[in-house]
Amino acid sequence: MIHELTFPALSPTMSEGTLVAWRVKPGDSVKAGQVLAEIQTDKAIVEWESPESGTVRELLIAPNQVAKVNSVAAILTTQGEDIAEAVARARAANERLASAAAAAQQPPAAPPPAASAPPPAPLAAAPKPAPNFAASAPPAAPSAPAKPARGVRITPVAARLAAAHDLDLTRIRGTGPDGRIVRVDVERALADGSARRAAAPAASAPPKLAVLRPDGADQRVPFTPMRAVIAQRLAQSKQLIPHFAVEQIVDAAALVALREQLNRLEGLRVTINDLIVRAAALALRAHPRLNATCDGQSVTRYDSADIAVAVALPDGLITPIVFKAHAKSVRQIGEEIRQLVKKAQEGRLQPAEFQGGTFTVSNLGASGVASFSAIINPPQVAILAVAAIRDEPVVRQGQVVPGKTLRLTVSADHRAVDGADVAAFLQTLRELLENPATLLA
Amino acid sequence: MLDASTPLAPPLKPRRALDPKSEPINGYRGVDLGDGRQLLSMRMAICQALYEEMQRDPTIVILGEEVAEYNGAYKVTKGLLDAFGPERVIDTPITESGFTGLAIGAAMTGLRPVVEFMSWNFSFVAFDQIISNASKMCYMSGGAFPIPLVMRGPNGAGPRVSSQHSHAVEAIYSHFPGLIVVSPSTPYDAKGLLKTALRQNNPVCFLENEMLYSFEQEIPLAEYTIPFGVADLKREGRDCTIVAVNRCVHWALEAAEELAREGIECEVVDPRTVKPLDIEAIVRSVRKTNRCVVVEECYRTGGIGAEVAAQLMELAFDDLDAPVQRVTTTENPMPYAANLEHETLPKPHRIIAAVRRACYRSP
């Protein structure tokens, strides 16, 4: 039996990954469940276990090579079969996968101008509405943007011929039934050159702004897999979610004093961030509307405050989760966060450790920023941006005195929560942080 | 695959026809044309194959209704009783199941019987013997009893023999593993394939056609055989492949002539044996033409066309420029009326329409 082991999708968003290192070599015999390799996903380095038992015959992906999910990565045999054919087939399939992915990255064609939008179908041709069985059916979801009625219809041999000459199928007139493109149509297009693609508008080349200095002082850096996921998810968040931000100023003198006491007298290593995560968890329990996710149709509110903590990495960030933060002490939270940060920096977080939070805390306090607002980490409905504690004048009992202030900014999804919800949450959070003994209760 | 040792098929049209006043139109001796060729009809070519092989191999015997004294219902065995005597050319009662079973037993015990069905329609009476015994015996006996049996006779519609006597059985018998199904369209092919059938040890359904018995052709005087599973190109063309067997080859050639006048050049592939089927030859042709029409006298459901279309989809999907078209006997009992029989059979006018569809021409 010849087993072709395909490069696995180790996270829900993974479409490619880097094979960091093989743990087996050709000739090794492996058992199902044995680790074959380490794979860098868009989030972490994960061990890949063999789904089959057998003898490793061929490794088709080199260490540190980026591979598409479903590429054939290794070939195992159980009986020492001849694998020449399987190897050839696998290499061809891998190339196809890679080139298909490259093609998919071409920008989509510009949408047609509004004037050429298809006219509404005449009434007689409109499909009958589906029978409505529910007496009070909910209103239909907003309809998806109109798609073309159907794709190009083309016979297999015509498709093959067109692909071989890289013709633009949308510019070939099909003379078969229902406009099906047949071989003669492609031959005609080849003869008159009418379906040649316009010279590619340097789709993947950098835009004009980014003309690079020829001496190498300028650099174009392709996205790492992690950067690509961040780009995609955050762009989607900012485009889709109606963000609004609410800022609150906290008098942080008591908080700073508490931290000093704990670390000096108890020998702990509590950080301001640990205290804020604890405070946020308690505030979320009091304001569950913010401890939620939203799918555009409904909001799901959670009992447990599972707080994602943004961790900066050399080129990106990741948000490992302190689960049940409301039920953990400041000290437990602190220890957990330090462990998660260490694993994140080593790229060893497991998917379960960074998937499924209900709220995010992003802290740039260490960088001394005055304030900032963050982009929501979907599908969550809110994110807390924590700035630095600064020495600033404050007014106490009518007197301007030196004080310590902390600016907290919550960005929230206006589909799911309103300004008053966020304001109430921030009010509770401020009370907790200005009376920090409550965090130790 | 054709190789250098396979003689090229002679042209379909002879330079002249047999003269019934001075020349035999049946029997096993063709008319020697003096250039290494002989002129004979389909029934004579089959008879000649039987005669030559019976001379070579004393274990060959012929059984069937009227095969001896009457020289065969269609005169295919004419002269063989005189040549080989009543022990080798045996008239049977009207008992297909009985004499087919007898022949299977004879094959098990060392003879090489040839069973003539007066019509393949009557083979249905012997269906259990053919399917349960002939096709299985070698397997079930662990190879102890191969069945070197040739069953032959006319197949397909005769002229106006109505519902029960017009069946084409290529698809039915191809369905069962263990049977070889030969369906020749010319005297040359029939002789070469029947000689091959008589030199191998599997049960063979050899399907002739009443309407082709008088079809004449010039074939070599010298001995030749044609291997099973090798198709023959009956006409070359670039626009559309027509796969046709038996009598349908001639209808396909007629349709191809007509279509050539409108600029469509058809390639006619004659598989000659339906099982084993020379799918490579069909794929080779479709790679060239990108279109295929399958013509057969079997019914549409589960017919030869269904099989060829499925295999083309598997093996030549990327070469197709149009759906594979099937021209079959329409799925109704054969009417007795001549005009209705004409519309039921896959005649040239229906083939022409199918080729036009495959070529996206208006019908």
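Residues numbered from 1 in each chain as written. Chains lettered and ligands numbered in written order. Predicted model: local features only at pLDDT ≥ 70, side-chain atom pairs only at ≥ 80, totals over all residues. Heavy atoms only, no water.

What to know about the overall build of chain A
When its secondary structure is counted, chain A shows 9 helices and 18 strands. Taken over 441 residues, chain A has a buried fraction of 39%. Of the contacts formed within chain A by residues at least 6 apart in sequence, a portion of 61% connects residues at least 24 apart. By element, 56% of the accessible surface of chain A is carried by carbon and sulfur atoms, the whole surface being about 25200 Å². (Helix = DSSP H or I, 4+ residues; strand = E, 2+ residues; numbered from the N terminus. Buried < 20%, exposed > 50% of the residue type's maximum accessible area, 1.4 Å probe, protein only. Contact = heavy atoms within 4.5 Å. Areas by Shrake-Rupley, 256 points an atom, 1.4 Å probe, with all protein chains shown as cover.)

Let's talk about the overall build of chain B
A tally of helices and strands in chain B yields 12 helices and 15 strands. With the principal axes as the frame, chain B shows a C-alpha extent of 60 × 50 × 45 Å. In chain B, buried positions account for 58% of the 363 residues. The long-range share in chain B, meaning contacts at least 24 apart out of those at least 6 apart in sequence, stands at 78%. About 14500 Å² of surface is accessible on chain B, with carbon and sulfur atoms providing 55% of the total. Of the charged side chains in chain B, 36 are positive and 46 negative; the average position of the first set lies 3 Å away from that of the second. (Lys, Arg positive; Asp, Glu negative; His and termini not counted. Charge placed at Lys NZ, Arg CZ, Asp CG, Glu CD.)

Quick notes on the domain arrangement of chain A
All names here are of chain A. Taken domain by domain, chain A holds domain 1 (2-99) and domain 2 (242-440). For domain 1 and domain 2, the distance between their C-alpha centres works out to 41 Å. Each side of the interface is counted separately: domain 1 has 8 residues, and domain 2 has 9 residues. For the pair domain 1 and domain 2, the summed buried area comes to about 620 Å², and 55% of that belongs to carbon and sulfur atoms. Together, Lys43, Ala44 and Ile45 form the three largest contributors to the area buried by domain 1 at its contact with domain 2, with a combined 63%. The shortest N-O distance in the salt bridge between glutamate 38 and arginine 348 comes to 3.8 Å. Between the two partners, domain 1 and domain 2, sit 1 residue pair in polar contact (both at pLDDT 80 or more). Across the side of domain 1 that touches domain 2, the residue classes tally to 5 nonpolar, 1 polar and 2 charged. (Domains from an automatic or database assignment. Buried area = accessible area lost by both parts, 1.4 Å probe. Salt bridge = Lys/Arg side-chain N within 4 Å of Asp/Glu carboxyl O. Polar contact = N/O pair within 3.5 Å; in protein donor to acceptor, adjacent residues only side chain to side chain. Nonpolar A, V, L, I, M, F, W, Y, C, P; charged D, E, K, R; others polar.)

Points about the domain arrangement of chain B
Residue and element names in this part refer to chain B. Domain annotation for chain B reports domain 1 (31-220) and domain 2 (232-358). Taken together, the contact between domain 1 and domain 2 spans 34 residues of the former and 27 residues of the latter. Carbon and sulfur atoms make up 54% of the surface buried where domain 1 meets domain 2, a total of about 2200 Å² over both sides. Where domain 1 packs against domain 2, one counts 2 salt bridges. A salt bridge links aspartate 189 to arginine 272, with the nearest nitrogen and oxygen atoms 2.9 Å apart. Here domain 1 and domain 2 share 17 residue pairs in polar contact (both at pLDDT 80 or more) between them.

Digging into the interface of chain B and chain A
Between chain B and chain A, the contact holds 12 residues from the first and 11 residues from the second. Together, Asp318, Asp321 and Tyr360 of chain B form the three largest contributors to the area buried by chain B at its contact with chain A, with a combined 54%. There are 1 salt bridge connecting chain B and chain A. The partner of aspartate 319 of chain B in a salt bridge is arginine 160 of chain A, and the shortest N-O contact between them spans 3.0 Å. At the boundary of chain B and chain A, one finds 7 residue pairs in polar contact (both at pLDDT 80 or more). Taken together, the residues of the side of chain B that touches chain A sort by class into 5 nonpolar, 2 polar and 5 charged.

Observations regarding a negative patch on the surface
A cluster of like negative charges, contributed by Glu66, Glu69, Asp82 and Asp91 of chain B, occupies part of the molecular surface. Secondary-structure assignment places aspartate 82 of chain B in helix α2 (residues 80-84). (Patch = residues over 30% accessible without salt bridge, like charges linked within 9 Å, V, L, I, M, F, W, Y side chains within 5 Å.)

Notes on the sheet that holds strand β10 (residues 232-235) of chain B
Residue and element names in this part refer to chain B. One open sheet accounts for 5 strands, arranged β10-β12-β11-β14-β15; its pairing is mixed. Of all strands in the sheet, those bounded by a partner on one side alone are β10 and β15 (325-329). Ignoring which end each strand starts from, the neighbouring axes of this sheet average 25° apart. Strands β14 (292-299) and β15 of the sheet are contacted by helix α10 (residues 304-315), whose axis makes an angle of about 150° with β14. (Pairing = 2+ DSSP bridges. Axes fitted to C-alpha atoms, helices over the stretch in contact; angles between N-to-C directions.)

Brief notes about the packing of aromatic side chains
Residues and elements named next belong to chain B. Under the criterion given, the structure shown has 11 aromatic pairs over all chains. Here the aromatic rings of tyrosine 74 and tyrosine 213 are separated by 5.6 Å at their centres, their planes lie at 40°, and the arrangement is tilted. Placement of tyrosine 74 in the loop between β3 (60-64) and α2 and of tyrosine 213 in the loop between β8 (204-208) and β9 (216-220) is noted, with a sequence separation of 139 residues between them. We classify tyrosine 74 as partly exposed; its relative accessible area is 23%. Feature note: the residues Phe99, Phe117, Trp120, Phe127, Tyr173 and Phe176 constitute an aromatic cluster, connected by ring pairs. Positioned above the aromatic ring of tyrosine 336, the side-chain terminus of arginine 160 is 4.4 Å from the ring centre. (Phe/Tyr/Trp six-rings, centres within 6.5 Å; stacked < 30°, edge-to-face > 60°. Lys NZ or Arg CZ within 6 Å of the ring centre and 35° of its normal.)

Describing the state of the cysteines
By definition, a disulfide links the sulfur atoms of two cysteine residues through a covalent bond. Residue and element names in this part refer to chain B. This model, assessed by the stated rule, comprises 0 disulfides over all chains. We note that cysteine 205 lacks a disulfide partner, and the nearest cysteine sulfur, in cysteine 298, lies 12 Å from it. You can call cysteine 205 buried: its relative accessible area is 0%. The cysteine cysteine 292 is free of any disulfide, with cysteine 240 supplying the nearest cysteine sulfur at 6.8 Å. (Disulfide = S-S within 2.5 Å.)

Overview of the nonpolar core
Membership of the largest hydrophobic core comes to 59 residues, with the highest contact counts inside it found for Leu384, Leu429 and Leu433 of chain A. When residues of this core are assigned to their parent elements, the largest contribution, 9 residues, is made by helix α6 (residues 272-286) of chain A. Not counting the four nearest positions on each side in its chain, leucine 429 of chain A is found in contact with Ala279, Ala280, Ala283, Leu384 and Leu408 of chain A. In this structure, Val61, Trp120, Leu149 and Ile279 of chain B belong to the second largest nonpolar core, which totals 45 residues. (Core = buried A, V, L, I, M, F, W, Y, C linked by side-chain atoms within 4.5 Å.)

Considerations on the pairing of strand β2 (residues 37-41) of chain B
Residues and elements named next belong to chain B. With 4 of 5 residues buried, β2 is to be regarded as a mostly interior element. Connecting strand β1 (residues 31-32) to the antiparallel partner β2 that follows it, the hairpin turn spans 4 residues, and glycine 34 within it adopts a positive phi of roughly 85°. The pairing of β2 with β9 spans 5 bridges and is classified as antiparallel. Of the residues in β9, the one forming a bridge with glutamine 38 is isoleucine 219.

What about the packing of helix α2 (residues 156-164) of chain A against helix α3 (residues 183-192) of chain A?
Residues and elements named next belong to chain A. Look at α2 against α3: their axes get within 8 Å of each other, and the N-to-C directions meet at 20°. Accordingly, the angle class assigned to the pair α2 and α3 is roughly parallel. Along this stretch, α2 crosses α3, giving a crossing that reads as right-handed. In contact with Val157, Ala158, Leu161 and Ala162 of α2, α3 contributes Arg183, Val186, Glu187 and Leu190. Across the contact of α2 with α3, the residue classes break down as 6 nonpolar, no polar and 2 charged. (Parallel < 35°, antiparallel > 145°, perpendicular 65-115°, else oblique. Left-handed = near helix turned anticlockwise from the far one by under 90°.)

Some thoughts on the side chain of threonine 428 of chain A
All names here are of chain A. With respect to the helices and strands, the residue threonine 428 is situated in helix α9 (residues 419-434). Under the relative-accessibility criterion, threonine 428 is labelled buried at 19%. Of note is the side chain of threonine 428, whose polar atom sits 2.6 Å from the side chain of histidine 287. The residues contacting threonine 428, other than those within four sequence positions of it, are Ala283, Ala286 and His287.

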